[in-house]
Amino acid sequence: MRVHLHCGRMSLHQADVLEYYLKNVPDVLDVTVYDRTQDAVVRYKGSRSAVVAALAAFAFARAEAMDLVPDHTSRALNREFEEKLTMTVCCRAFSKLFLPLPVMAAIAAVKSLKYIKEGLSALLHGKLSVAVLDATAVTVSMVRGDFNTAGSVMFMLRLGEILEEWTHKKSVADLAGAMSLQVESVWMQSDGAEVLVPVGQVQVGDRIIVRTGSLIPLDGKVVSGEAMVNQASMTGESQPVPKKAGSFVYAGTVAEEGECVIRVEKAQGSGRYDRIVKMIEDSEKLKSSAEASASHLADKLVPYTLGGTALTYLLTRNITKTLSVLMVDFSCALKLAMPIAVLSAMRESSGYHISVKGGRFLEAVAKADTIVFDKTGTLTRGTPGVAAVHSALPELAPQQLHVLTAAAERRSEHPLGKAIVRDAGTQDIPEAEDFRMLPGRGVSARVDGHALLAGNPALLQDNGIALSPTDRDAAQRALDAGQSLVYVALDGRFAGFIALADSLRSTAPATLQGLRDAGVSTMLLTGDNEAAARSVSAGLALDGVRANCLPADKLEWIADSQRQERPVCMIGDGINDAPALKKAFVGVAMGGIGSDIAVDAADMALVNDDIKELPHIFALARRMMRTITLNLSFSMILNFAAIFLAMGG
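Since the model is a prediction, treat every value here as computed from it, not as a measurement. (Residues numbered from 1 in each chain as written. Predicted model: local features only at pLDDT ≥ 70, side-chain atom pairs only at ≥ 80, totals over all residues. Heavy atoms only, no water.)

A few words now on the nonpolar core. Among the nonpolar cores identified, the biggest contains 43 residues, and Met604 and Leu614 are the most heavily contacted of them. At seven residues, helix 25 (residues 614–647) tops the list of elements feeding residues into this core. Listed in part, the 26 residues of the second largest apolar core include Ala408, Ala432, Val443 and Leu452. (Core = buried A, V, L, I, M, F, W, Y, C linked by side-chain atoms within 4.5 Å. Buried < 20%, exposed > 50% of the residue type's maximum accessible area, 1.4 Å probe, protein only. Helix = DSSP H or I, 4+ residues; strand = E, 2+ residues; numbered from the N terminus.)

Structure representation (C-alpha cells):
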C-alpha cells in the first residue's frame, strides 16, 4: 500500500524514523519512504488491518523514542550525491543554452586548471597515467579555441568522478555498518558485585569487565588486570597488544587472552563507526587483485594511446581525428567496470545475509575448492541441551554438580558452557571467583570455596586427574550415543561429567549437497570426540573428518593445505576457530552466536547464523569473476574498435 503523511516538509531523519518504525511492524516485508512527497510504500503479508493499525498509532516523537534507527543510514549520503549529479547536469545544460561564448570560455579555462595541474603533477613524478590523457585532451581543445569540446570533456570527467566517489562511499558505509557489531550486554562492576546490564545503560565513568574472547564494547582505560588485545580492526596491527592498568582500549577491539576492568571514557556509538570507515578507506580491503590489475592496466595503456594519437596526427594532419583518438582511453572501462562488478557482488552478498569485509575475499572464495567446517554451532544448531549429569562423588548429587558447573561456566563464551547455564534454569547459582578461560580446554574458577575445572579430557590430563574404570565406561556410553561431554573436577578430584546433545541444522544436508554440486570438497575439523564427529558425518556424507582437534591442530591442517597450494575456506564460530579462520585462504564466521574473536578474525560473517547461504556465496563469487573477465574483454574490444574508427574519421 502507499500512504501519505500530512506532516508538511519531511526531513531525512524523519524519513528514517518512519521507515524503521514500519519495518519493525510484524509481517511488513519492505518499506520505501519518499521524503519529498511525504509518502511511504509498504510491502506486507498477512493482515492489512495490522499495518493500518500501526500507521494509526504512528507519531514521530513516539517512534523516535523507540530508538529503532541505526546511527548511520545511507539516505543522507544518497541525497548528497543525487543533488551533486543533478546540479552538475543542470549547470552544464544552463551554460550551453543561455551563456554567451566568452563566458563559457572563461568558465572552461577556470575548470581546466584542475585537470592540467593533475596531468603536470603526474608527468613531474615520471608517470604516464590517465590524468595525462585527460589534461592533454582538455589543453588541446582550449588551445584550439574549441571551448565547447573542452567543456564537454570536463563535464564527462566530473560525472565519472561523482559516480566513482558515490559508489565508493556507499560501499564503505554499507561495509562499516556491517562491521559495527552490536554488543547487547556487558558485565559491569556495581557495589563490589558483577552485574549483567544492557550496553546502552553504561555511562562514562562506569567500570566494565572484559574477558578472553569478548569484544570491547566501549572506549576506556584499563584500571586493573591485564589482557592481550587484538586491535587489527582499528589500527591494522597484526599482533595482539598487551594492555594493563593505564592503557587505553578502543571499542571494537577483541581481548584474545586475559581479563581486565575498564573505566568507560566514551559512551556507546561515539567514534567506532567513524574509525571503521577510516580504517577501510586507508586499507586495501575493498580492492581485489582483479581490480588492482585493471587499474594498473589502464595506466600501462596510456603510452599506447598517446602513440596512437601522435601517429594519427602524422598520417592525417587532422586535429579532430587526433583528439578523438586521445579521448578514447581505457580508464573508465577498466577502472570503473571492475570495481562496480565487485561492489555489486558485495551488495548482493548482503542480500544473502553475508557480511563481506572486502572484494578480495570474494575473489578468494571463487578460487577455493575445499571448505572446512567446525561442528558445534556450525553444522549443528549450537544450542545443545543437557542430556544427562553423571556424578562420580557419592556426596555430590547430580543436580548439585550441574549448579556448581553452571556457576563456573556463567562467564564462558562456549556454546556448551552457555547450554549448561541455560539448562540450570531458575536454580540459585552461586557466584564464581578467579574465573579463567582456557582456550581449547575449558574453564577454571572457585565456586563455594572449591577449585573447579570444567572442560575436555585434555584439561584433566594437564592437571593429572584420572577417571575410574566405572566413570570411564559411563563416559564412553555417552560418547557412543554421539553426546558431547564436559568433564568436571573439584579440588583436584574427578567429580563427574555433564552430557550434552546437539542436533544437526535442518539446512545442513541441503547446504553440503549444494557445495558438492558446485565442486567444493567438504571437511570436518572438530575438537569433539570421534563418536560425535562420526555421528554428524554419517548424516552429511562429508569428504573427510578429523576429531579431537585442538586449535593448534586446526591451524596446522590449514597451514598444511596451504603448503600443498590448496585454497581452503574455513567456517567456524568459537574462540578455538579464530587462529584457523585467520590463517585460511578465506575465513567465514557465524555472525550472531559466534565469538567476537572469530568474527573479527574472519573475512566474512554469516549474519543470520545459517549456513544455507554458503552455496549462494560460492556461486556469486564465481559469477563475479566471470563478469570481471567479460567486462575486461568487452571494454578492450570496444575501446580498440573506437580508436580505429576515430583514426578513420
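Our next topic: the pairing of strand 15 (residues 442–447). On a regular strand, one side chain projects to one face of the sheet and the next to the other, so that they alternate. Taking burial as the measure, the six residues of strand 15 include five buried ones, the bulk of the element. The pairing of strand 14 (residues 432–438) with strand 15 spans five bridges and is classified as antiparallel. Each residue of the ladder has a partner; that of Ala432, found in strand 15, is Val447. Linking strand 14 to strand 15, which pair antiparallel, is a turn of three residues; within it Gly440 sits at a positive phi near 85°. Counting the residues between successive antiparallel strands, the hairpin from strand 15 to strand 16 (residues 450–455) contains two residues, one of them, Asp448, with a positive phi of roughly 50°. (Pairing = 2+ DSSP bridges.)

Under the definition given, this model contains 24 salt bridges. A salt bridge links Arg2 to Asp39; its shortest N-O distance comes to 3.3 Å. Residue Arg2 is located in strand 1 (residues 2–4), and its partner Asp39 is located in strand 3 (residues 39–44); the two are separated by 37 residues in the primary sequence. Taking relative accessible area as the criterion, Arg2 reaches 54% and is therefore assigned exposed. With a shortest N-O distance of 2.9 Å, Glu194 and Arg211 are connected by a salt bridge. One end of the pair, Glu194, is in strand 5 (residues 193–198); the other, Arg211, is in strand 6 (residues 207–211), with 17 residues separating them in the sequence. Assessed through its relative accessible area of 5%, Arg211 is described here as buried. The network of salt bridges with common partners includes Glu194, Arg211, Glu259, Arg410, Arg411 and Glu431. (Salt bridge = Lys/Arg side-chain N within 4 Å of Asp/Glu carboxyl O.)

Turning our attention to the packing of helix 11 (residues 302–316) against helix 12 (residues 319–327). In contact at an axis separation of 9 Å, helix 11 and helix 12 are set at 170° when each is read in the N-to-C sense. Accordingly, the angle class assigned to the pair helix 11 and helix 12 is roughly antiparallel. Considering only the axes of helix 11 and helix 12, their crossing is right-handed. Side by side, helix 11 and helix 12 meet where Thr305, Leu306, Gly308, Thr309, Thr312, Tyr313 and Thr316 of the first sit next to Ile319, Lys321, Thr322, Val325 and Leu326 of the second. The residue inventory of the contact of helix 11 with helix 12, partitioned by class, reads five nonpolar, six polar and one charged. (Axes fitted to C-alpha atoms, helices over the stretch in contact; angles between N-to-C directions. Parallel < 35°, antiparallel > 145°, perpendicular 65-115°, else oblique. Left-handed = near helix turned anticlockwise from the far one by under 90°. Contact = heavy atoms within 4.5 Å. Nonpolar A, V, L, I, M, F, W, Y, C, P; charged D, E, K, R; others polar.)

In a pair of packed helices, the angle between the axes and the distance between the axes together describe the arrangement. Orientation of helix 1 (residues 12–23) relative to helix 4 (residues 75–98), taken along the N-to-C sense of each, is 135°, at an axis distance of 10 Å. In this view, helix 1 runs oblique relative to helix 4, as classed from their interaxial angle. Considering the relative orientation of helix 1 and helix 4, their crossing is right-handed. Facing Leu12, Ala15, Asp16 and Glu19 of helix 1, the residues of helix 4 in contact are Arg75, Ala76 and Arg79. Of the residues in the contact of helix 1 with helix 4, the class split is three nonpolar, no polar and four charged.

Moving on, we get to the side chain of Arg75. Inspection of the secondary structure assignment puts Arg75 in helix 4. Looking at Arg75, its side chain comes within polar contact range of the side chain of Asp16, at 2.9 Å. At a separation of 2.3 Å, a polar atom in the side chain of Arg75 contacts the side chain of Glu19. Leave out the neighbours within four places in its chain, and Arg75 touches Leu12, Ala15, Asp16, Glu19, Val33 and Asp35. (Polar contact = N/O pair within 3.5 Å; in protein donor to acceptor, adjacent residues only side chain to side chain.)

Evaluated as defined, the whole model comprises seven aromatic pairs. Considering the side-chain rings of Phe58 and Phe60, the 5.0 Å spacing of their centres and the 80° angle between planes classify their relative orientation as edge-to-face. Here Phe81 and Trp166 contribute two aromatic rings whose centre-to-centre distance is 5.9 Å and whose plane-to-plane angle is 10°, an arrangement assigned as stacked. Taken as a pair, Phe81 in helix 4 and Trp166 in helix 7 (residues 147–179) lie far apart in primary sequence, 85 residues in all. (Phe/Tyr/Trp six-rings, centres within 6.5 Å; stacked < 30°, edge-to-face > 60°.)

With that out of the way, let us pick up helix 17 (residues 415–423). What helix 17 keeps buried is the set Pro415, Leu416, Gly417, Ala419 and Ile420. Those residues of helix 17 hidden inside the fold are in contact with helix 15 (375–379), strand 13 (385–391), helix 16 (398–409), strand 17 (484–490) and strand 18 (493–501).

It is worth spelling out helix 20 (residues 508–517) at this point. Listing the buried residues of helix 20 in full gives Ala508, Thr511, Leu512 and Leu515. Along the long axis of helix 20, the arc covered by the buried residues comes to 95°, so they all point the same way. In helix 20, the exposed residues that point more than 90 degrees away from the buried face are Ala510 and Asp517. Residues of helix 20 that are buried make contact with strand 12 (370–373), helix 15, strand 19 (521–525), helix 21 (530–540) and helix 25. Gly519 occupies a position one or two residues after helix 20 and carries a positive phi of about 80°. (Arc of directions from axis to C-beta.)

Among the surface-exposed residues, Phe94, Leu97 and Phe98 lie close enough to one another that they form a single nonpolar patch of about 370 Å² accessible area. Within the element layout of this structure, Leu97 appears in helix 4. (Patch = residues over 30% accessible without salt bridge, like charges linked within 9 Å, V, L, I, M, F, W, Y side chains within 5 Å. Areas by Shrake-Rupley, 256 points an atom, 1.4 Å probe, with all protein chains shown as cover.)

Before going further, it helps to spend a moment on the pairing of strand 12. In strand 12, alternate side chains face the same way, and those of Thr370 and Val372 on one face and Ile371 and Phe373 on the other are all buried. Sheet topology places strand 12 next to strand 19; four bridges connect them, and they run parallel. Its bridge partner being in strand 19, Thr370 is matched across the sheet by Ser521.

Turning our eyes to something else, we now look at the environment of Leu401. Position of Leu401 relative to the elements: it lies in helix 16. Judged by its relative accessible area of 0%, Leu401 falls in the buried class. Between the C-alpha atoms of Leu401 and Gly496, which are 95 residues apart in sequence, the distance is 7.7 Å. Setting aside anything within four residues of it in sequence, one finds Leu401 in contact with Val389, His390, Ser391, Leu396, Val488, Ala495, Gly496 and Phe497.

On to the confidence of the model for the protein, then. Residues of the protein with pLDDT of at least 70 account for 88%, and the chain-wide mean is 83. Across the protein, strand 3 holds the top mean pLDDT of 96, while helix 8 (residues 232–235) sits lowest at 56. (pLDDT = per-residue confidence, 0-100.)

Spatially, 1-3-2 is the arrangement adopted by the three strands of the open sheet, whose pairing is antiparallel. Strands at the two margins of the open sheet, each flanked by one partner only, are strand 1 and strand 2 (28–34). On average, each strand axis in the sheet is inclined to that of its neighbour by 20°, with strand direction left out of account. Where strand 2 lies against strand 3, six bridges are found, and the strand directions are antiparallel.

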